[in-house]
Amino acid sequence: MENGLTHMKINIQTKLPGPQSKAILERLEQKNGAYNIDHAYVHSGEGKGSHFVDLDGNIFIDFAAQIASNPLGYNDAAMLRVLQKHTNYTPIKYGGQDFIVPQHLELIDELLKIVPKELNAAFLINSGAEANENALKIACHKRPTAKIGISFYNGWHGRTTGALSLTNSRSVQVKHFLRLPVRHISYSEEGPEELEALIRREFDADEIGFVIMEGVQGEGGYIPASNLLVQGIRKVTKKEGIPLIFDEVQAGMGRTGKWWTYQHHGITPDIQTSAKMLQVGATIANKKWFPKEKSAISSTWGGGQVLDMAMGAAVIREIKKRKLLKNATRMGNGIHQRLREIHIETNAIHHPRGLGLMQAFDLENVKLRNQFQQKCFQKGLIALGCGVSGMRISPSLNITKEEVHEGMDVIEEVAKGIK
Ligand SMILES: Cc1ncc(COP(=O)(O)O)c(C=O)c1O
């Protein structure tokens, strides 16, 4: 076993944060322009599976997986092999679209094997927000008459100016920032009708540059879309010739038990994005959707991070080899079942919901949610909030049954404490 660590269990030995973590956090609070910490500890790099060790030797279980972006947990053997293969040269960042490394093709090849065959080309970039920015650019390039874009109430697509204009989740994330012209429609069965009404009453269809949606709203509260919503939106966008973009940044790459959320609904979007567990941002569409003009789409680091691309390709191969889509469904169902039991037994947590390894529940209000999160942390469980007063569970795809139960025992204990 790597690092001599086997079968870790939660073990909190210090007051949190421990002294070593505290020393770093205090200095960061002064110097980091966006200090924003819910869990006061610092990673040491040690860990195994869904457990990790902080600088003070405390062992935690991770139900947040680096904001749903750590696909295979800590110190996974396959990931370490990729790392070891790349120890003999620098730089590890090459100049994007202009200076090519083989890992660029390796990742695009692996990615295109797991998307529908109509989506036969990808552009790689640094982050989820940038993947979405490029999706908007590609859509609007094809639709130069566009005046507005459409996204959904409660949707979340990133923090760059374009992506932020689509985002409609917490006000602190959007207030005071400049935004592009975007109209929001309901993330419910009414959504398709609202889109049709906009076209009837306010805009010609060719003035609408795109519709962008998540298959499960992530930051907005882990809300899965219904069949009626997704299929209805696909029908209207197809009929009107409006590009449909699926943002698969958080919910894609197998997290919901299928590679992509739209596969739960039997549709294919015109453009999709990916990032997080892929380790690299990607905008994926048919080759004919991408601008033909040289340099219309590019970036210094897009497709230039050798390690990230090699890791992303290995992640796809490992998910297949280890049947982790099935694991996501099975473990997700197990978590859901436990959440329902805790809800019935304690009535302290509400509205258990989710798809695969995107599970969530609500507390009665934000204050209680924040307290719940901190109590879990003190007992060694890392989990993030979502929506208005929700907690989300989004562990690595290779989480085991034992790890699920260890983390759920903490949630149960905390819920019983506030009964
Ligand atoms: C659905 C969705 N889209 C886009 C993003 C933005 O990704 P990034 O933080 O990599 O820019 C996120 C991040 O949480 C997300 O959940």
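Chemist: Residue-level account of the side chain of Thr237, with values.
Modeler: Mapped onto the elements of the fold, Thr237 is located in helix H9 (residues 227–240). Dropping the residues within four chain positions of it, Thr237 is found in contact with Leu195, Val211, Ile242 and Leu244.

Chemist: Provide a residue-level description of the site of the ligand, including the pertinent values.
Modeler: Residues in contact with the ligand amount to 13 residues; listed here are only the nearest, Gly128, Ala129, Asp247, Gln250 and Lys276. In the model, an oxygen atom of the ligand is placed 2.8 Å from a nitrogen or oxygen of the Gly128 main chain. Contact with the protein chains covers 82% of the free accessible surface of the ligand, which is 390 Å². Counting atoms within 2 Å of the grid points, the majority share of the ligand lands in the largest pocket. Counting residues per element, the shell around the ligand draws most heavily on helix H5 (residues 128–142), at 3 residues.

Chemist: Break down the pairing of strand S4 (residues 121–125) for me, citing the residues and quoting the values.
Modeler: Where burial is concerned, most of S4 is hidden: 5 out of the 5 residues are buried. Burial of the side chains of S4 extends over both faces: Ala121, Phe123 and Ile125 are buried on one face and Ala122 and Leu124 on the other. Pairing of S4 with strand S12 (residues 281–285), which is carried by 5 bridges, proceeds in the antiparallel orientation. The residue of S12 that forms the bridge with Leu124 is Ala282.

Chemist: So what's going on with the domain arrangement of the protein chain? Residues and values would help.
Modeler: By the assigned domains, the protein chain splits into domain 1 (2–73 + 324–417) and domain 2 (85–321). Across the contact surface, domain 1 and domain 2 share 11 residue pairs in polar contact (both at pLDDT 80 or more). For the side of domain 1 that touches domain 2, the element with the highest residue contribution is helix H11 (residues 324–346), accounting for 4 residues. Residues that form the side of domain 1 that touches domain 2 fall into these classes: 16 nonpolar, 8 polar and 2 charged.

Chemist: Explain the sheet that holds strand S15 (residues 381–382) to me, using residue names and the numbers behind them.
Modeler: One open sheet accounts for 4 strands, arranged S1-S2-S3-S15; its pairing is mixed. Only two strands of the sheet have a single neighbouring strand rather than two, namely strand S1 (43–48) and S15. Taken together, the 2 bridges between strand S3 (residues 59–62) and S15 define a ladder with parallel strand orientation. Within S15, the residue paired with Ile61 across the bridge is Leu381.

The rules behind these values
- Residues numbered from 1 in each chain as written.
- Predicted model: local features only at pLDDT ≥ 70, side-chain atom pairs only at ≥ 80, totals over all residues.
- Heavy atoms only, no water.
- Helix = DSSP H or I, 4+ residues; strand = E, 2+ residues; numbered from the N terminus.
- Contact = heavy atoms within 4.5 Å.
- Near = heavy atom within 4 Å.
- Polar contact = N/O pair within 3.5 Å; in protein donor to acceptor, adjacent residues only side chain to side chain.
- Areas by Shrake-Rupley, 256 points an atom, 1.4 Å probe, with all protein chains shown as cover.
- 1 Å grid on protein atoms, 1.4 Å probe; cavity = no way out; pocket = protein on both sides within 12 Å on 5 of 7 lines; lining within 4 Å.
- Sits in = over half its atoms within 2 Å of the grid points.
- Buried < 20%, exposed > 50% of the residue type's maximum accessible area, 1.4 Å probe, protein only.
- Pairing = 2+ DSSP bridges.
- Domains from an automatic or database assignment.
- Nonpolar A, V, L, I, M, F, W, Y, C, P; charged D, E, K, R; others polar.

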